[in-house]
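Given next are the chains, with one letter for each unit.
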Amino acid sequence: MALDTAWAMRWIALTRVEIGAQREYLIDLDRQIGDGDHGENLDRGFGKVMEAFEATPPTSVQDCLKIVAKTLMSTVGGAAGPLYGTAFLRAAKVAVDEPLTAEAVAALIGGALAGIQARGKAERGEKTMVDAWGPAYDAAKAAAESGATPEQVLAVASEAAHKGALATEPLQATKGRASYLGERSKGHLDPGAVSSAIILAKALEAAEVE
Ligand code: ADP
Ligand code: MG
C-alpha cells in the first residue's frame, strides 16, 4: 500500500500488538543486562498510543508520528521513553508530504536515528538501539539512491535492523544501564535494539497490505 496516514496507523497498531506479544521476551532480555522493565515500558507506552489514536484520530503521517512521540515521552519511563520519543518526533518532522517516497522513508529512518543519537549520545557499536537504526538507515539510504520503491526501502531497512540487533550479542555495552555490567554485558542481545527491529519490521508489514 502507499505510505500514507492509513499505513502509519497500521504500522503503529501492528507494533502495539507485537510489542504486547513480545513483552515477556523483552523483559527477559532487559533482565539479563538491565532492570527488566523494557517490555513492560513499551507495552504500556504503545497501549497508551492506541488510546490516544482513538481519542484523536491522526490526520496525517506527521500527526500520527507526533502523537506516538508525545505519548511515549509522557508514559514510558526509563531510557527508552525519551529515546523513542525523540526518534518519532524527528521522524515526524521529515514526514511532510505523503504518500512517502523512497527518499522520504530513508529520511524518516535517518531522522529517528539522529533523534536517538542527539538524546543518548551513543555511537554505533555501544550495544544500544543505535545498532539497529544505524544499519537500517544506511541500507535505506542506499536503496533509495538506487531507485528502490518505498516498500523495498522498508524491506532492506527492516532486514538491516534485524541483523544489527543480532550483532549486539557479543558487544560490550558502554552506554545506558547495561554499561554498569562492563564485560558481563557481553553475550546478550540489547533489548532496545531488538525492540527497534520489531518496530521497523512492522513498518514493512504495514506496507505489504494491499
Ligand atoms: P532503562 O535502561 O532506563 O531501564 P529501558 O529498559 O526501557 O530503559 O531501555 C533500555 C534500552 O535503551 C537499551 O537496551 C538500549 O537499547 C537503549 N539505550 C539506553 N541508553 C541509550 C543511549 N544512551 N543511547 C541509545 N540507546 C540507549
Ligand atoms: Mg530497563
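Residues numbered from 1 in each chain as written. Chains lettered and ligands numbered in written order. Predicted model: local features only at pLDDT ≥ 70, side-chain atom pairs only at ≥ 80, totals over all residues. Heavy atoms only, no water.

## Describing the overall build of the protein chain
What the protein chain contains, in helices and strands, is 9 helices and 0 strands. Listed by position from the N terminus, the elements making up the protein chain come as α-α-α-α-α-α-α-α-α. In terms of overall size, the protein chain behaves like a compact globule, its C-alpha atoms giving a radius of gyration of 16 Å where 210 residues would be expected to give roughly 17 Å. Judged by the C-alpha coordinates and their principal axes, the protein chain covers about 45 × 40 × 30 Å. Taken over 210 residues, the protein chain has a buried fraction of 50%. (Helix = DSSP H or I, 4+ residues; strand = E, 2+ residues; numbered from the N terminus. Rg over C-alpha atoms; globule rule 2.2 N^0.38 Å. Buried < 20%, exposed > 50% of the residue type's maximum accessible area, 1.4 Å probe, protein only.)

## Side note on the site of ligand 1
Near ligand 1 there are 21 residues, and of these Asp35, Ala79, Gly120, Asp190 and Gly192 occur at the shortest range. Within the contact set of ligand 1, an oxygen atom lies 3.0 Å away from a side-chain nitrogen or oxygen of His38. At 2.9 Å from an oxygen atom of ligand 1 is found a main-chain nitrogen or oxygen belonging to Gly192. Within the residue set of the shell around ligand 1, elements represented by two or more residues are helix H3 (38–55), helix H5 (80–94), helix H6 (102–120) and helix H9 (191–208). (Near = heavy atom within 4 Å. Polar contact = N/O pair within 3.5 Å; in protein donor to acceptor, adjacent residues only side chain to side chain.)

## What to know about a positive patch on the surface
Taken together, Lys66, Lys70, Arg90 and Lys93 make up a surface patch of like positive charges. For the positive patch, the secondary-structure elements that each account for two or more residues are helix H4 (61–75) and H5. The exposure class assigned to Lys93 is exposed, which follows from its relative accessible area of 58%. (Patch = residues over 30% accessible without salt bridge, like charges linked within 9 Å, V, L, I, M, F, W, Y side chains within 5 Å. Areas by Shrake-Rupley, 256 points an atom, 1.4 Å probe, with all protein chains shown as cover. Salt bridge = Lys/Arg side-chain N within 4 Å of Asp/Glu carboxyl O. Lys, Arg positive; Asp, Glu negative; His and termini not counted. Charge placed at Lys NZ, Arg CZ, Asp CG, Glu CD.)

## Quick word on unusual backbone geometry
In this structure, the amide linkage connecting Glu98 to the following residue, Pro99, adopts the cis form with an omega of 0 degrees. Relative to the elements of secondary structure, Pro99 occurs in the loop between H5 and H6. Even without a glycine there, the phi angle at Lys127 is positive, about 65 degrees. If you trace the backbone, Lys127 turns up in the loop between H6 and helix H7 (130–145).

Fair warning: the whole summary comes from geometry, so function is off the table for now.
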